[in-house]
Amino acid sequence: MKRTLYQIAQMCGGTLLRDQDSELNINGVYTDSRKTVEGRLFVPLAGERFDGHEYAAECLAAGAAGIMWQNDHGTPPEGPVILVEDTLLALQELSAAYLRESGASVVAITGSNGKTTTKDMVYSLLSTTFKVHKTQGNFNNHIGLPLTILDMPQDTQIAILEMGMSGRHEIERLAEIARPDVAVITNIGEAHLLQLGSREEIARAKLEIVSGLKNDGLLIYNGDDSLADRVLAEPSTKKPKEFKRFTFGMNQTNNDFPTGITNHAGGMIFTSVSLGEEAMQIPLIGQHNVINSLAALAVARHYGVSHDDMHKGLAEVKLTGMRIEVMKGVSGITVLNDAYNASPTAMKAAVDALSGLAGYERKAAVLGDMLELGPREEELHEEIGHYLTPAKLDLVFTYGSLSSNIAKGALRNMPSHAVHAFEDKAALIAHLKATMTPRDVVLVKASRGMKLEEVANALINEP
Ligand code: ATP
Ligand code: MG
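Residues numbered from 1 in each chain as written. Chains lettered and ligands numbered in written order. Predicted model: local features only at pLDDT ≥ 70, side-chain atom pairs only at ≥ 80, totals over all residues. Heavy atoms only, no water.

**Student:** Teacher, can you tell me more about the site of ligand 1 here?
**Tutor:** Within the structure, ligand 1 sits among 19 residues, and T116, T117, R323, D338 and Y340 are positioned closest to it. In the model, a nitrogen atom of ligand 1 is placed 3.3 Å from a nitrogen or oxygen of the N187 side chain. Separating an oxygen atom of ligand 1 from a side-chain N or O atom of N341 is a distance of 3.1 Å. Here ligand 1 has 640 Å² of accessible area as a free molecule, and 92% of this is covered by the chains. Those elements that provide at least two residues to the shell around ligand 1 are α4 (115-126), α10 (287-302) and α12 (344-355). Here the shell around ligand 1 gets three residues from one element, more than from any other, and that element is α4. (Near = heavy atom within 4 Å. Polar contact = N/O pair within 3.5 Å; in protein donor to acceptor, adjacent residues only side chain to side chain. Areas by Shrake-Rupley, 256 points an atom, 1.4 Å probe, with all protein chains shown as cover. Helix = DSSP H or I, 4+ residues; strand = E, 2+ residues; numbered from the N terminus.)

Here it is in structure tokens:
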């Protein structure tokens, strides 16, 4: 973003303290006082442990082109300062104004699982034809989203924005800032059950994205779950006067669903109703990634991406790390590193992906705790255990105290010699190294907090 300090003050509803600074050029904003400052505007945010205002003077000294300052924080340091009521709100307003001025079309993606994956796919598909900008990594919250927008080059044609949440009215605010032309809901799962209490509330939280949808916009959503339609029909759901709907998923009632899926080395080939006879190839495994592809293809179709470019875009998609990444190192053992996060829906999807693989002697799953599931957490872990059968996999290793319930549940269908519960990571790693061979494949999955990538890395890296 390139604007003068005066323009920025206008855009965010703030007041420029000194007239002499009006024409100062600003080349973007930043909120982390430790990051580079070159010609940028520092926006101090008050966090739980730190308050950016304490570093504002340092930032100016280090070369920041200017700073924002929140009214109630006393006297700002001497220099180019924009005074605002609330720095976070001002940051959000600034990003909203910049996005409107740019004229870029907006694709917003939310859902319980698969947001980042779908975003990466949409990016790969649309970048064949348009100048696009996307959320980096997982910058998907009330701070990450505005920063993503403000990092967008001026000539961007389509902004692809991931929207995350942990409670009600968060997506609503993000959608208000972004005003999407196309909104995607990947699915409605159980992630954040703890904070939201019920799946209805999770669905309502996701569907808040529709409140910001432009009139005549397009909502692309997973129709496998009737919850979405029910919530959409609720009078309290805020929505534009007119909008189009397109559903995708496994069910044949959806506008698009897969008609054939086959595994091939390192990826999958699929056909769908919308694609007709024509098969698409993705360098990813897991049926859930076919479903994510259907959502991404619906976005590409909306923007008129050609068939050839759809092929190219999907075949070349590059995902952000640890999303069921196929890893192989010096040990020769194949590891499916899905340690980025976990919820029941995601864990079942990963087990399905493992079970769909061919050419391995044994299929093993290392499953760790799924966090933040609320009062039913033990039961939800046990249900994952019930989901495991000898037809799907050969060995189950659990890690963590909640996951001992997975082991317990697994005994319903799996023989006891195939189920091993661990509480100690080093012991788990030692056991896996002693028993797994290069003919085996090992899925590794748990919530982020369990740091199971340590297991994945140890398994591939050392003999
Ligand atoms: P976060 O809430 O952390 O931003 P996210 O929604 O962006 O997560 P991804 O990072 O794309 O999700 O994927 C995280 C994990 O969710 C993957 O590793 C995979 O196991 C699972 N997953 C991805 N897509 C789906 C899907 N459509 N259905 C079920 N599980 C999925
Ligand atoms: Mg994400």
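Right, picking up where we left off after that structure.
**Student:** What is the right way to read the coordination of the magnesium ion (ligand 2) from this model?
**Tutor:** Octahedral six-donor coordination of a metal ideally yields angles of 90 or 180 degrees, compared with 109.5 degrees for tetrahedral four-donor coordination. On the protein side, the magnesium ion (ligand 2) has T116 (OG1), N138 (OD1) and E162 (OE) as donor atoms, found 2.1 to 2.2 Å from it. Read from N- to C-terminus, the donor residues coordinating the magnesium ion (ligand 2) fall into the pattern T-x21-N-x23-E. Residue T116 is located in helix α4, and its partner E162 is located in strand β10 (residues 158-162); the two are separated by 46 residues in the primary sequence. By relative accessible area, which is 6% here, T116 ends up buried. What makes E162 buried here is its relative accessible area of 1%. (Donors = N, O, S within 2.8 Å, 3.2 Å for Na, K, Ca; no water. Buried < 20%, exposed > 50% of the residue type's maximum accessible area, 1.4 Å probe, protein only.)

**Student:** So what exactly am I meant to see when it comes to the layout of surface pockets here?
**Tutor:** Rolled over the atoms, a probe with the dimensions of a water molecule shows which regions are left empty. Empty space within the second largest pocket amounts to approximately 940 Å³. If you go around the second largest pocket, you meet 35 residues; those closest to its centre are T31, D32, S33, R34 and L147. For the lining of the second largest pocket, the secondary structure elements donating two or more residues are β4 (29-30), α2 (56-61), β9 (132-134) and α5 (144-150). Residue contributions to the lining of the second largest pocket peak at four residues, all from α5. Looking at the lining of the second largest pocket, its residues break down into twelve nonpolar, twelve polar and eleven charged. (1 Å grid on protein atoms, 1.4 Å probe; cavity = no way out; pocket = protein on both sides within 12 Å on 5 of 7 lines; lining within 4 Å. Points joined across faces, edges and corners; volume = space filled by probe spheres on them. Nonpolar A, V, L, I, M, F, W, Y, C, P; charged D, E, K, R; others polar.)

**Student:** Can you walk me through the packing of helix α3 (residues 87-102) against helix α6 (residues 170-178) in this structure?
**Tutor:** Close contact between α3 and α6 brings their axes to 8 Å; oriented N to C, the two are set at 40°. The orientation of α3 relative to α6 falls into the category oblique. Contacts between α3 and α6 involve L89, Q92, E93, S95, A96, L99 and R100 from the first element and R173, E176, I177 and A178 from the second. Grouping the amino acids of the contact of α3 with α6 by side-chain chemistry returns five nonpolar, two polar and four charged. (Axes fitted to C-alpha atoms, helices over the stretch in contact; angles between N-to-C directions. Parallel < 35°, antiparallel > 145°, perpendicular 65-115°, else oblique. Contact = heavy atoms within 4.5 Å.)

**Student:** Is there a simple way to explain the pairing of strand β7 (residues 81-84) in this structure?
**Tutor:** Regular strands show a simple pattern: their side chains alternate between the two faces of the sheet. Where strand β2 (residues 15-16) lies against β7, two bridges are found, and the strand directions are antiparallel. In the strand pairing of β7, L16 is matched with I82. As judged from the four bridges shared by strand β6 (residues 66-70) and β7, these two strands associate in the parallel manner. Within β7, the residue paired with Q70 across the bridge is V84. (Pairing = 2+ DSSP bridges.)

**Student:** What's the story with the packing of helix α1 (residues 5-12) against α3 in this structure? I'm lost.
**Tutor:** For any two helices packed against each other, the geometry comes down to the angle between their axes and how far apart the axes lie. Running from N to C, α1 and α3 cross one another at 105°; their axes reach a closest spacing of 8 Å. Judged by the angle between their axes, α1 and α3 are roughly perpendicular. For the pair formed by α1 and α3, the contact residues are I8, M11 and C12 on the first element and A90, E93, L94, A97, Y98 and E101 on the second. Within the contact of α1 with α3, the residues separate by chemical class into seven nonpolar, no polar and two charged.

**Student:** Help me out: how do you make sense of the packing of aromatic side chains in this one?
**Tutor:** What characterises a pair of aromatic rings is the spacing of the ring centres plus the angle enclosed by the ring planes. Here the structure, examined in full by the defined rule, presents two aromatic pairs. Between the aromatic rings of Y30 and F42, the centroid separation amounts to 5.2 Å while the plane-to-plane angle is 55°, which identifies the pairing as tilted. Separated by twelve residues along the polypeptide, Y30 in strand β4 and F42 in strand β5 (residues 41-42) bring together distant segments of the chain. The exposure classification of Y30 matches that of F42, with both residues buried. Against the face of Y123 rests K134, its NZ or CZ located 4.6 Å from the ring centre. Across from the ring centre of Y387, 3.4 Å away, lies the NZ or CZ of K392, which sits over that ring. (Phe/Tyr/Trp six-rings, centres within 6.5 Å; stacked < 30°, edge-to-face > 60°. Lys NZ or Arg CZ within 6 Å of the ring centre and 35° of its normal.)

**Student:** Hey, could you run me through the environment of D21 in this one?
**Tutor:** With respect to the helices and strands, the residue D21 is situated in the loop between β2 and β3 (25-26). Its relative accessible area of 4% is what places D21 among the buried residues. Residues D21 and G79 lie 58 residues apart in sequence; the distance between their C-alpha atoms is 8.6 Å. Residue contacts for D21: discarding those within four places in its chain leaves L5, L16, G79, P80 and V81. Of the polar contacts made by the side chain of D21, one reaches the side chain of R18; its length is 2.9 Å.

**Student:** Mind showing me how you'd approach unusual backbone geometry here?
**Tutor:** Working note: non-glycine residues mostly have negative phi, and peptide bonds are mostly trans. Phi angles above zero are rare outside glycine, and H169 is one such case at about 70°. Note on placement: H169 falls in the loop between β10 and α6. Residue H169 is classed as partly exposed on the basis of its relative accessible area of 48%. Residues other than glycine seldom take positive phi values, yet R179 does so here, at roughly 40°.

**Student:** Is there a simple way to explain the sheet that holds strand β20 (residues 395-399) in this structure?
**Tutor:** Neighbouring strands of a sheet are bound in pairs by backbone hydrogen bonds; such pairs are parallel or else antiparallel. Pairing is mixed in the open sheet, where six strands are placed in the order β17-β18-β22-β19-β20-β21. For this open sheet the edge positions go to β17 (325-328) and β21 (419-422), each flanked by a neighbour on one side alone. Neighbouring strand axes in the sheet, compared pairwise and without regard to direction, differ in orientation by 20° on average. Here five bridges tie strand β19 (residues 363-368) to strand β22 (residues 441-445), and the two strands are oriented parallel to one another. From the neighbouring strand, L367 faces β22, where its bridge partner is K445. In this fold α12 packs onto β18 (334-338), β19 and β22, with an angle of close to 170° to the strand it touches most, β22.

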